[in-house]
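Each chain, written out:
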Amino acid sequence: MIEIIFQKDQDAQRMYGHITGQLPEVQHENGIIQIDKDRKIIKILTKNMPKTAFHSIKESVYEFIALKKRDDWFREILSQRFFYTDPNEQEQILEIIYSVIEGSREDLAHFLQDTDEKQYVFQAIDDFFKGSVSFSFDSFVVFRLKPFLDKLQNYVEVAIDEYKLEQDYQMFVQTLRDFLLGRPAQQETIHLILDEETAFYNHEFIEMKRNELIKGIDRKLLGNHPIYVDSVTIAPLLSMAPTRIYLYTNQPEQPLVRTIRNIFEERVIISPVNSFLKNKQVENEKVQ
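The rules behind the values
Residues numbered from 1 in each chain as written. Predicted model: local features only at pLDDT ≥ 70, side-chain atom pairs only at ≥ 80, totals over all residues. Heavy atoms only, no water. Helix = DSSP H or I, 4+ residues; strand = E, 2+ residues; numbered from the N terminus. Rg over C-alpha atoms; globule rule 2.2 N^0.38 Å. Buried < 20%, exposed > 50% of the residue type's maximum accessible area, 1.4 Å probe, protein only. Areas by Shrake-Rupley, 256 points an atom, 1.4 Å probe, with all protein chains shown as cover. Lys, Arg positive; Asp, Glu negative; His and termini not counted. Charge placed at Lys NZ, Arg CZ, Asp CG, Glu CD. pLDDT = per-residue confidence, 0-100. Pairing = 2+ DSSP bridges. Axes fitted to C-alpha atoms, helices over the stretch in contact; angles between N-to-C directions. Contact = heavy atoms within 4.5 Å.

Per an unreviewed UniProt entry, the protein chain goes by Sporulation protein YtxC and derives from Mesobacillus maritimus.

Spelled out as structure tokens, the structure:
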């Protein structure tokens, strides 16, 4: 028989519920998984248990530890080690963490060591489940799963850094939106090509030269804002404050495009680079 002793009644209840929920057929076979609510103990009667059922139970314990409890530990690390106690902030940071875990943030993945955490955690569980044993779940986590908990802290640290950068970015964008408020349009329409080179065109598709753009930059924009404003694209656009920006790019997800879209919002229309010549031709036909 294996006994798992818990400090928290909630943990005992949750693990028991997870195992029996995942493996109801195992539970109903002679009640081989039991819970003593008063003593916060889960008992697994291993005598004559088929190997497949025993393996399934260990898999279920792994899922509880590495998946169910993982969220609790992330929150504990955030609040106790980094003092992020606000639930909204925690949720935003957790979103970043899980985006990394799920593989949708390749830009952050290289900050994390590539370790097979399942193999490590499952091996630790397997070691404790050999023979008849009684052990403390909390001591097991502290002493046997320390590398796993260190990995979780590493995730949190990377996500916090990204969260701070995102907060700074949002402040940057809002500052530039505020600059636009009430600013009269110097050009109603701008055509902007972001390709191998950056090129500005007015509403008649006449290219605006670099010296012309530089002269038109509002010096208050550069002088009064301590944040960095890109003088090649962002500063000219803010200074001209166009009502409509036709932005031509084959990389709509690149950071600069994202920033222009976030600042100017509904003023921006994004199209592939080859649309520029088509639109220019249509405009020329109108003039003729």
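Asker: Would you mind showing me how to read the overall build of the protein chain here?
Answerer: On a plain count of helices and strands, the protein chain comes out with 13 helices and 9 strands. By the compact-globule yardstick of 19 Å for 288 residues, the protein chain is too spread out, its C-alpha radius of gyration being 29 Å. Taken over 288 residues, the protein chain has a buried fraction of 42%. Looking at the protein chain as shown, the accessible area adds up to about 16500 Å², and 49% of this sits on carbon and sulfur atoms. The average position of the 35 basic charges and that of the 46 acidic charges among the side chains of the protein chain differ by 2 Å.

Asker: Please clarify how unusual backbone geometry should be interpreted in this entry.
Answerer: Glycine aside, residues mostly have negative phi angles, and peptide bonds mostly take the trans form. Backbone geometry places K40, a non-glycine residue, at a positive phi of 55°. Looking at the element boundaries, K40 is found in the loop between β2 (33-36) and β3 (41-44). Owing to a relative accessible area of 28%, K40 belongs among the partly exposed residues under this scheme. Even without glycine at this site, F205 takes up a positive phi of about 65°. For F205, the location among the structural elements is in the loop between β6 (198-201) and β7 (207-208).

Asker: Hey, could you run me through the confidence of the model for the protein chain in this one?
Answerer: Interpreting fine coordinate detail is not advised for predicted regions of low pLDDT. Here the protein chain shows a mean pLDDT of 88. Residues at 70 or above account for 92%. Looking across the protein chain, the model is least confident in helix α2 (residues 24-27), with a mean pLDDT of 66, and most confident in strand β8 (residues 244-249), with 98.

Asker: Explain the sheet that holds strand β1 (residues 2-5) here, please?
Answerer: The strands making up a sheet associate through backbone hydrogen bonding, with each pair oriented either parallel or antiparallel. In space, the 4 strands of this open sheet follow the order β2-β3-β1-β4, with mixed pairing throughout. Only two strands of the sheet have a single partner each, and these edge strands are β2 and β4 (133-136). Strand-to-strand, the axes of this sheet are offset by a mean angle of 15°, without reference to chain direction. Both β1 and β4 contribute to a ladder of 4 bridges, which runs parallel. Looking at the pairing, E3 lines up with S134 of β4. Strands β1 and β4 of the sheet are contacted by helix α7 (residues 137-144), whose axis makes an angle of about 75° with β4.

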